[in-house]
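Notes for the structure review
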Amino acid sequence: MTVMPRPSILSVEPYVGGESKIPGVNRIVKLSSNEGAFGPPPGAIEAIRAMATEAHRYPDGNGTALRAAIGARFGLDPARIVVGNGSDELLALLILAYGGEGTELVMSAHGFMMYDITGRWAGCRIIKVPEKNLTTDVDGMLAAVGPRTRLMFLANPNNPTGSILPQSEVERLRAGLPDEVLLVLDSAYAEYVTQPGYDAGAKLVDASGTMVNGRAIGTTVMTRTFSKIFGMGGMRLGWCYAPASVIDVLGRVRGPFNVNAAAMAAGIAALAEKGWIEKSVAHNTEWRATMRDALTAAGIKVWPSEGNFLLADFGTPAKAKAADDALKMRGLIVRAMGGYGLASCLRITIGTTEECTMVIEALTAFMHG
Ligand SMILES: *Cc1c(COP(=O)(O)O)cnc(C)c1O
C-alpha cells in the first residue's frame, strides 16, 4: 500500500500555460496568455515597489480598501465583493464549496480549461456541451442539466474562442436553470467587449433571488480579473461579485490572507490610473480589427472575438503547426490549441502595435510561402 489521492485527482490533466521561451531565440514576443498589451499601469508598478518595505506586515485579510476601490470603479456594493489570488482561486473555491463528489459541473465544450481541471480536483463529473459555430449553445447547456448538476460555468466572452452570448441569451440560460444550480459568469475579458448591450454579470447577480413572472431567479456569481486589461497576471489578483449567501460561503472557505499586500496595493493603483481602461480598449479594438482583416486577407479564417485575442483557424492541425513554427522562427510565441480540441487553430493575443505588425507580417509571409 502506498499513499493515493482521491481517484478523481488522477483524471486531472495539469494546466499547461502559454510558452515563454524559444531555445536559441533571444528576443521573444509573448502573445500566448492574453496578458494585456501595455503591461501593468505605471501607478501599479510604483505601488508594488512601495509595498516592499512593508513586506513583514500581514495584508488586510478583508481587502477593505481594494474592495472599496473596485466598488467605486464599477458601481458595485463592496460588501458583495470578495477578492482572490487570481480569479482562478475564486473559481476553485466556488467549485469546492458548491460542487464535489456526486455532483455535476456543466460547461461549454471549448470553455475555459480551469473549470474542467478544478472540477475534477473537487470530484465533480464534468459535462461538456457541444457548441454551435464555436459559440455556447444555450439549449444544449440547459438540456445537459440533471438532478446532480450544481454548477454551470460560462466565460463571456469565452477564452479561447472569443465568442460571446448576448445578454438576452445569458438571461434565458439563467431563467432555464433550476434554483440549485449556481451559474458562474466568468467575465475575465469584460472590459474589452464592444458589442452593444453587454452586461458583465452584475445584472444577473443582482437579480438572484428576485421574483420574475412568479418564479424566483436562481443564484449567479460574476468573476473578474486584473490579469488581462490591467496587465497584472503575475500579481495574481481577481475578484467576484455575488449575492450575500455566496459571500458568506466564500468567507468561510477562503484563506484568511489569500491576497497578498503588493497585489492589493497594485490593484488599487491600477483602478486609479486615469484613462487606462479607455486607452487599452481603444488599442485593442483597433488592432483586433486590423489583425483580423490582415489575416483574413492572407487566407486565414479568423473567428469573431470580443476579447484581447484572436482565434486563427488554419484548416488542419498540420498547417497550424507549420504556422506556429514560422512564428517561432521570428520569436513570436502564440498559443497552440490542441489541448482545447482545436488543433487546427492558434490563439494570438493582441499585443502592442509593433507586436501585432510582426504577427501580420509573419503570417502573411507564411501563407504566401
Ligand atoms: C485568464 C482567465 C482567467 C484567469 O484569471 P486569473 O485572474 O489570472 O486567475 C479566468 N477565466 C478566463 C476565461 C481567463 O481567460
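To be clear, the structure that these remarks concern was listed above.
Report follows, based on the coordinates. Keep in mind it's a predicted model, so treat the numbers as computed, not measured. (Residues numbered from 1 in each chain as written. Predicted model: local features only at pLDDT ≥ 70, side-chain atom pairs only at ≥ 80, totals over all residues. Heavy atoms only, no water.)

Okay, the sheet that holds strand β12 (residues 309–313) next. Working definition: the strands of a sheet are paired by backbone hydrogen bonds and lie parallel or antiparallel to each other. The four strands are arranged β11-β12-β15-β14 in an open sheet whose pairing can be described as antiparallel. The sheet is open, and its two borders are formed by β11 (301–302) and β14 (335–336), each paired with just one other strand. Strands β11, β12 and β15 (345–349) of the sheet are contacted by helix α10 (residues 276–297), whose axis makes an angle of about 10 degrees with β12. (Pairing = 2+ DSSP bridges. Helix = DSSP H or I, 4+ residues; strand = E, 2+ residues; numbered from the N terminus. Contact = heavy atoms within 4.5 Å. Axes fitted to C-alpha atoms, helices over the stretch in contact; angles between N-to-C directions.)

Among the secondary structure elements, T285 is positioned in helix α10. For T285, a relative accessible area of 31% gives the class partly exposed. Through-space distance from the C-alpha of T285 to that of K132 is 25 Å; in sequence the pair is 153 residues apart. In this structure the side chain of T285 is engaged in a polar contact, spanning 2.7 Å, whose partner is the backbone oxygen of V281. (Buried < 20%, exposed > 50% of the residue type's maximum accessible area, 1.4 Å probe, protein only. Polar contact = N/O pair within 3.5 Å; in protein donor to acceptor, adjacent residues only side chain to side chain.)

Another point: the sheet that holds strand β6 (residues 182–186). Taken in spatial order, the seven strands line up as β2-β10-β9-β6-β5-β3-β4 in an open sheet, and their pairing is mixed. Edge positions in the sheet fall to β2 (81–84) and β4 (125–129), since each of these pairs with one other strand and no more. If you compare each strand with its neighbour and ignore which way they point, the axes differ by 20 degrees on average. Across five bridges, the pairing between strand β5 (residues 149–155) and β6 is parallel. Among the inter-strand pairings, A155 is bridged to a residue of β6, identified as D186. Packing of helix α2 (residues 64–74) onto the sheet brings it into contact with β2, β9 (220–225) and β10 (238–241), and relative to β2 it is tilted by some 120 degrees.

This part is about the packing of aromatic side chains. For the structure on display, the rule yields eight aromatic pairs. Here Y189 and F309 contribute two aromatic rings whose centre-to-centre distance is 5.1 Å and whose plane-to-plane angle is 70 degrees, an arrangement assigned as edge-to-face. In this pair, Y189 sits in the loop between β6 and α7 (202–207) while F309 sits in strand β12, placing the two residues 120 residues apart along the sequence. The burial state of Y189 is the same as that of F309; both residues are buried. Of the aromatic side chains, those joined through ring pairs into one cluster are F112, Y115 and F153. Sitting over the ring of F74, R224 keeps its end group 4.7 Å from the ring centre. (Phe/Tyr/Trp six-rings, centres within 6.5 Å; stacked < 30°, edge-to-face > 60°. Lys NZ or Arg CZ within 6 Å of the ring centre and 35° of its normal.)

Of all residues adjacent to the ligand, which total 13 residues, the nearest are S87, D186, T225, S227 and K228. K228 is positioned such that a nitrogen or oxygen atom in its side chain is 3.0 Å from an oxygen atom of the ligand. R236 places a polar side-chain atom, nitrogen or oxygen, 2.7 Å from an oxygen atom of the ligand. Surface burial for the ligand is 94%, taken as the share of its 390 Å² of free accessible area covered by protein chains. Most atoms of the ligand, that is more than half of them, are within 2 Å of grid points of the largest pocket. Of the residues belonging to the shell around the ligand, the class tally is four nonpolar, five polar and four charged. (Near = heavy atom within 4 Å. Areas by Shrake-Rupley, 256 points an atom, 1.4 Å probe, with all protein chains shown as cover. 1 Å grid on protein atoms, 1.4 Å probe; cavity = no way out; pocket = protein on both sides within 12 Å on 5 of 7 lines; lining within 4 Å. Sits in = over half its atoms within 2 Å of the grid points. Nonpolar A, V, L, I, M, F, W, Y, C, P; charged D, E, K, R; others polar.)

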